[in-house]
Amino acid sequence: MSARQLVLRQRAELLRALCCGGSSEGLESVLDLLLSRGMLFWEDYQNVRVPGRTLCANTRVLLDLVYTKGDETCRLLLAAFKQVLPEAQRAGLSFGNCRTADIENTRDDTKELHGTAIQTLQTDRPGLVRRLRDRIEGALEVLLHTGSFTPSDCDEVQLPLYTPSQQARRLLDQVRSKGEPAAKVLLQYFQQTEDHPSPSIQEAPPKECLSYQKKLRSTVSAQSHFLSTYGGTSSLSLEDIYTEVQLELAQGGSEAQPQTGALGLEDVVGLVGTLNQEADTVLVSGEAGSGKSTLLQRLHLLWARGAALHDFFLLFPFSCRRLSSEQRELSLRELLFLHCCWPDGDQDRIFQFILDHPHLILFTFDGLDELMQSFSDSEQRHCCPTQCAPVPTLLFNLLQGSLMKGVVTSRPEAVGPNLKRYLRKELLLKGFSPGGIDCFVRKHHRDPTVATRVLESLRSNTALLGLCHIPVFCWIVSKCYKELLGCGEGEASPQTITDVYLMILQHFFQRRASQRNTMGIGWVQEHQDTALHLGQLAMEGLGASCYVFTGTELQKCGVTEEDICMGFLIRSKDLSSSTNCKHYEFLHITMQCFFAALYIVLNNNLDRSTIPKLFQLQDRQPQPGFHRMCLGHCLIQQEGALKEANTAAETPNLQITATFVSGLLSQRHRSLLLLSCPGPTLDRKSKQVVTCLSKGMQKHFKSIPRPVEGEKKSMHAMPGFVWLIKCIHEMQDSRIARDTMAKLEVEHLKLTYCNIGPVECTALAYVLQHLRNPVGLQLDYNYVGDVGVEQLLPCLHVCHSVYLRHNNISDEGIRKLIEKGIQCEHFQKIALFNNKLTDACTECFAHLLKMKQNFLSLRLGNNNITAAGAGQLAEGLRFNRSLQFLGLWGNKIGDKGAEAIANALKDSQTLVWLSLVDNGVGSAGACALAPLIKNSTLEELWLTKNCITRTGVECLILALESNTSVKAVWLRGNELSPEEVEEMTQREPRLTF
Ligand code: ADP
């Protein structure tokens, strides 16, 4: 079959393969390749990549275009797809006889094309994008310095919604539009920076080192080939199942910092986001199950296969969980050789090589939170690589960068200011994007019909869809798809995290039972012994910060071979495998928490104070020994001595356990547990939980300060508030939610920087919808995203204001929010500063403004709205009679947009505050805004950082002459000389420069 026919026949599949991840990276890479091979003209490229149009629509245009260009272009398109798509997404596609080599640009066959610098940029485009990714800032600096770019060109390239690769492409596109001189400057910049290449080996490494590298690569490759959740039982390898996760730069608390676009794996060790050039440690932090270990594992595998981290000759992966059980004092040399890979050759030479080339060595430490000691830099600096020291001391010294480079993962709790000082940068892991969920499910289910059914079922259950944004939940839901599809829609379908874990519990039990063919409705009772054995092990482990268990520890808790075979426990991986003793751990830490919760609920002899103590956790500062007191009766005795330390993971683990306890003791699971537990005991425990939750909430409410006169009564969530909300949500009892919320009387609820994602949004909405009076809900600086926005809809009717600054929200999410908001009487204000909004959402705001004549404040700063969007917005403004505040700071509306807005608002009798700061507005825009000053109630007009000249300001001055309401017009950072500024301030003191 010809390539053209292949493209036509597989149109739907090609479209899906390129779009299923939701990221435009695939399409853009294909375009790069086709451009570089001259298969697309520049005009074609511009017709395909239309900003604001959906990814699918752009891809369709490309497929049409390529089809019309004939067989050769189609052949190269297929080759480009083959090169760009990850293996799993290629599955099922037919590429005929196309090879990836067909699309790769060999410099020789394009030599004659290298006429101009612009042509070089095009023919070398794929490589240039890769090389530019880490150097955007440097390149922009040079372009700015040489006058090739203006500051606004630079802003355009660095728009927060772009990934580093996309920024690189936008930079190349801009350079092209500037012409040959700019292209020359960029090429020169490459030449100069590459004369000083990044660190690499100057001389060939000794033979022993090469063979050590080979051995290490093969060990690491074998270790990282399968995910433990798939290991052995499945044909899916990490390669097949790995799905991109959302990585973000931590903002370091700075409000001014723009939202950075999604980052890729390469950015973990790349230059992007470097905060401290001196430091060598990168931190990736995220909640349990967000995919930290998997991300590292993926990096390990790519390194082992030579597919990434090319700058590193050796990579040493460590698990803090396993390092915690290392009692001996070790030297760096022993740490590397014993724990990672034993050298066959001359150890001295290999170790010397490592010491001589620290920049070529990368360490990874997974799960710092599970280390038996929190990070401290007060220990003596340990700089001698051959001297023995306790393992934590070695590790902390490595993290401080006094020995080598490292990547470390951790849950946020373990990351204190002490460690932050030594970080080169910090990345936050935010789980799957909506497109990522889709992609993961399709990879997990090779049968597309099953995948589609699972996705349909998820889409019909928004609570579950929200949960799936956390990879570990997504994995469970995919694994238990039969149970999921079997329970239909509505109430019976899983709603909470507890429901999801009960589903996998049933799934694993069922798997064993089906071999014996017995599995009744009393399935928990049937497997009660297993649940109690594993529960005791889990609980004792949590109390002692123990996550890896020996056979003896299993025996002590009565865990049998059969219990092990259920699949909840797995054999621990250990790179060194130096001991013959088998070690076990739970499939995932959340599974250990779930079993601990099961133990608390199912054990009829439990100390009555266990539940209250579990819920009082939030009151105490973590201190060594406390949790052992709390769960005192279930301590692990290790070789006769109590373990002295506890880990940073302990409090969050016990919080997760408490969340499961709340869920298990909810009324909806009562009948399931009644067969295993006497009703009165269950009722007593359930009452205890409700009392704890209610008391916990009261404490938070009591901490609300009295309002200062004239200010709103507002509550800033303290640590533990969101956790309590999640526990209430697990109980799925609206009476409990109503009762606990009845006593909250605030006008403003502040939950900024609270790590709120879609899962938390579901719980918040569930609980807050019972508020008696409307509140302002401030969720700035979280990671709500489009999925989270959808989860919030049930509580929108009790929100008079919604603040969602910096939350990774796109047009799609906002459309749903506004659709619902229009129907909510109280909804009057929204702030969306620093999200991913484009012109595609302005129509819905226009509709909102038309429909809601009590709407007061619309703030859309630092998004990507252009003149077209402003024009659409104006359509709504024209009909609105209530809006007081309009903020468009940091968009790109230009003169045209300013004119449209001014026109629409000129008769407004309500507008008090308008900001068009940093929008490329010139004098024409300023003159258009002047009538607004004349006629309206306006008090402040912000026009800072634009390009207004004297002409524009004259118009404003004239308008101000007949106005008394305006208090200030802000004009700093426009195109005026100091003399002009001086003169104009004299004439009109309300102008503020
Ligand atoms: P964490 O280390 O943050 O607790 P893990 O990396 O252990 O989380 O992830 C838990 C499970 O979620 C994994 O075993 C795997 O099944 C699934 N998972 C996590 N990240 C990914 C990913 N990027 N692609 C596919 N599956 C993932």
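All values derive from a computational prediction rather than experimental measurement. Within every chain, residues take consecutive numbers counted from 1 along the sequence as written. Per-residue local features are limited, in this predicted model, to residues with pLDDT of at least 70; the limit for side-chain atom pairs, both in listing and counting, is 80 or more; totals at the level of whole chains, interfaces and linings are taken over all residues. Values shown for side chains rest on all heavy atoms present in the structure; no hydrogens or waters enter the calculation.

(A) Molecular detail of the overall build of the protein chain. Helix numbers and strand numbers start at the N terminus; a helix is a DSSP run of H or I with at least 4 residues, a strand a run of E with at least 2. Counting secondary structure elements, the protein chain contains 48 helices and 24 strands. Summary of the burial criterion: residues with accessible area below 20% of their type's maximum are buried, those above 50% are exposed, and those between are partly exposed, where the area comes from a 1.4 Å probe applied to protein chains only. Split into buried and exposed, the 993 residues of the protein chain put 58% on the buried side. Of the contacts made within the protein chain by residues no fewer than 6 positions apart, 78% connect residues no fewer than 24 positions apart. About 40,400 Å² of surface is accessible on the protein chain, with carbon and sulfur atoms providing 50% of the total. Any two residues whose heavy atoms approach within 4.5 Å at even a single point are treated as in contact. Only the protein chains shown count as covering a residue, and every accessible area follows the Shrake-Rupley method with a 1.4 Å probe.

(B) Here's a closer look at the pattern of salt bridges. We define a salt bridge as a side-chain nitrogen of Lys or Arg found within 4 Å of a carboxyl oxygen belonging to Asp or Glu. The full count for this structure, using the stated rule, is 42 salt bridges. A salt bridge links Arg125 to Asp32; its shortest N-O distance comes to 2.7 Å. With Arg125 in helix α9 (residues 125-132) and Asp32 in helix α3 (residues 25-36), the pair connects residues that are 93 residues apart, well separated along the chain. Neither Arg125 nor Asp32 differs from the other in exposure class; each is buried. Among the salt bridges present, the one from Asp173 reaches Arg170, with a minimum N-O distance of 3.3 Å. Pair noted here: Asp173 and Arg170 are both in helix α12 (residues 164-178), with a separation of three residues, about one helical turn. Each member of the pair, Asp173 as well as Arg170, is classed as buried. It is possible to trace a salt-bridge network through shared partners that takes in Glu25, Glu28, Asp32, Arg125, Arg169, Arg170 and Asp173.

(C) Structural context of the side chain of Asp44. Within the fold, Asp44 resides in helix α4 (residues 42-48). The buried category is assigned to Asp44, whose relative accessible area is 10%. Among all residues touching Asp44, those that are not within four sequence positions of it are Leu65 and Lys69.

(D) Geometry of the site of the ligand. One heavy atom suffices: a residue is near a molecule or strand as soon as one of its heavy atoms comes within 4 Å of it. Around the ligand, 21 residues are found, and the nearest of them are Thr229, Thr243, Gly289, Ser293 and Thr294. As used in this structure description, the phrase polar contact means that two N or O atoms lie within 3.5 Å; if the pair is within protein, one of them must be able to donate a hydrogen and the other to accept it, and residues adjacent in sequence are counted only when both atoms belong to side chains. Measuring from an oxygen atom of the ligand, one finds a backbone N or O atom of Gly289 at 2.8 Å. Lys292 is positioned with one of its side-chain polar atoms (N or O) 2.8 Å from an oxygen atom of the ligand. If you list the elements that add at least two residues to the shell around the ligand, you get α16 (292-304) and α25 (471-479). Charged residues are taken to be Asp, Glu, Lys and Arg, nonpolar residues to be Ala, Val, Leu, Ile, Met, Phe, Trp, Tyr, Cys and Pro, and polar residues to be all remaining types, Gly included. A per-class count over the shell around the ligand returns 11 nonpolar, eight polar and two charged.

(E) Spatial organisation of the sheet that holds strand β14 (residues 714-716). We call two strands paired when DSSP finds no fewer than two bridges between them. In space, the 11 strands of this open sheet follow the order β14-β15-β16-β17-β18-β19-β20-β21-β22-β23-β24, with parallel pairing throughout. The open sheet is flanked by β14 and β24 (991-992), the only strands paired with a single partner.

(F) Representation of helix α29 (residues 528-543) within the structure. With 16 residues, α29 should cover 22 Å at 1.5 Å per step; its first-to-last C-alpha distance of 22 Å lies within 8% of that length. The element α29 is largely enclosed, with a buried count of 12 among its 16 residues. Those residues of α29 that sit buried are Gln528, Thr530, Ala531, Leu534, Gly535, Leu537, Ala538, Met539, Glu540, Gly541, Leu542 and Gly543. Ser545, located one to two residues past α29, shows a positive phi value of around 55°. Any helix carries an expected span of 1.5 Å times its number of residues minus one.

(G) Highlighting the state of the cysteines. The term disulfide is used for any two cysteine sulfur atoms that are within 2.5 Å. All chains considered together, the criterion is met by one disulfide. The disulfide that involves Cys927 links it to Cys955, with 2.4 Å between the sulfurs. Where Cys927 bonds to Cys955 through sulfur, the torsion about that S-S bond is close to 75°, and the disulfide is right-handed. Residue Cys927 is found in helix α46 (residues 923-935), and its partner Cys955 is found in helix α47 (residues 950-961); the two are separated by 28 residues along the sequence. With no disulfide of its own, Cys727 lies closest to Cys692 among cysteine sulfurs, the gap being 9.7 Å.

(H) Structural context of the sheet that holds strand β11 (residues 583-586). The three strands lie next to each other as β9-β11-β10, forming an open sheet whose pairing is antiparallel. The outermost strands of the open sheet, each flanked by one partner alone, are β9 (549-550) and β10 (569-571). Here β9 runs beside β11; their pairing, made up of two bridges, is antiparallel. The residue of β11 that forms the bridge with Thr550 is His583. Think of each axis as a best-fit line through the C-alpha atoms, taken over the contacting stretch in the case of a helix, with angles from 0 to 180 degrees between the N-to-C directions. Strands β9, β10 and β11 of the sheet are contacted by α29, whose axis makes an angle of about 90° with β11.

(I) Layout of the confidence of the model for the protein chain. Per-residue confidence for the protein chain averages 86 on the pLDDT scale, and 90% of its residues sit at or above 70. Known as pLDDT, the predictor's confidence for each residue is given on a scale from 0 to 100. Note that residues 107-114 has pLDDT below 50 and, in this model, 10 contacts with residues that lie over four places away or in other chains. Note that residues 252-260 has pLDDT below 50 and, in this model, 24 contacts with residues that lie over four places away or in other chains.

(J) Representation of unusual backbone geometry in the model. Non-glycine residue Tyr753 carries a positive phi angle of around 45°. Mapped onto the elements of the fold, Tyr753 is located in the loop between β15 (748-750) and α40 (758-768). A positive phi angle, close to 60°, is found at Asn834, a residue other than glycine. With respect to the secondary-structure elements, Asn834 resides in the loop between β18 (829-831) and α43 (842-851).

(K) Quick peek at the packing of aromatic side chains. We call Phe, Tyr and Trp rings a pair once their centres come within 6.5 Å, taking the six-membered ring for Trp, and we label the pair stacked below 30 degrees between planes, edge-to-face above 60, and tilted otherwise. Here the structure, examined in full by the defined rule, presents 29 aromatic pairs. Geometrically, the ring pair formed by Phe318 and Phe363 is stacked, given 6.2 Å between the ring centres and 20° between the ring planes. Taken together, the residues Phe318 in strand β3 (residues 314-319) and Phe363 in strand β5 (residues 361-366) connect sequence positions 45 residues apart. A residue is classified by how much of its surface remains accessible, and Phe363, at 0% relative accessible area, is buried.

(L) Quick peek at the packing of α46 against α47. Contact geometry of α46 with α47 gives a least axis separation of 8 Å together with a crossing angle of 5°. Here α47 runs roughly parallel to α46, going by the angle between their axes. Side by side, α46 and α47 meet where Ser923, Ala926, Cys927, Ala930, Ile933 and Lys934 of the first sit next to Thr951, Gly952, Cys955, Leu956, Ala959 and Leu960 of the second. In terms of residue class, the contact of α46 with α47 is built from eight nonpolar, three polar and one charged. Here roughly perpendicular refers to angles of 65 to 115 degrees, roughly parallel to angles under 35, roughly antiparallel to angles over 145, and oblique to all remaining angles.

(M) Representation of the pairing of strand β17 (residues 799-803) in the model. Burial runs high along β17: five of the five residues are buried. In this structure, strand β16 (residues 775-778) lies alongside β17, joined through four bridges in parallel fashion. Across the sheet, the residue bridging to Val775 is Cys799, located in β17. Assignment of crossover handedness uses the view with strands pointing away from the viewer, where a clockwise path from the first strand over the helix to the second indicates a right-handed crossover. A crossover links β16 with its parallel partner β17, the connecting element being helix α41 (residues 785-792), and its sense is right-handed.

(N) Just the pairing of β5, in detail. For β5, the tally of buried residues reaches six of six residues, placing the bulk of the element in the interior. Looking at chain direction, β3 and β5 are connected through six bridges and run parallel. Note that in β5 the partner of Pro317 across the bridge is Thr364. Where β5 lies against strand β7 (residues 405-410), four bridges are found, and the strand directions are parallel.

(O) Examining α40 more closely. When you tally the buried positions in α40, you get 11 out of 11 residues, the bulk of the element. Residues Pro758, Val759, Glu760, Cys761, Thr762, Ala763, Leu764, Ala765, Tyr766, Val767 and Leu768 constitute the buried set of α40.

(P) Seen up close, the nonpolar core. In plain words, nonpolar cores are sets of buried Ala, Val, Leu, Ile, Met, Phe, Trp, Tyr and Cys residues tied together by side-chain atoms within 4.5 Å. In terms of nonpolar packing, the biggest core is built from 255 residues, with Phe316 and Phe845 touching the most fellow members. With 12 residues, the top contributor of residues to this core is helix α32 (residues 589-602). An automatic or database domain assignment supplies the residue ranges for each domain. Both of domain 2 (207-252 + 263-374 + 382-431) and domain 3 (837-992) provide at least three residues apiece to this core. If sequence neighbours within four positions are ignored, Phe845 has contacts with Ile814, Ile818, Ile830, Leu832, Leu858, Leu860 and Leu873.

(Q) Region of the structure containing the side chain of Asp240. With respect to the helices and strands, Asp240 occurs in helix α15 (residues 238-241). The exposure class assigned to Asp240 is buried, which follows from its relative accessible area of 13%. Beyond its immediate chain neighbours, meaning those up to four positions away, Asp240 contacts Glu87, Ala88, Ser235, Lys443 and Arg446.

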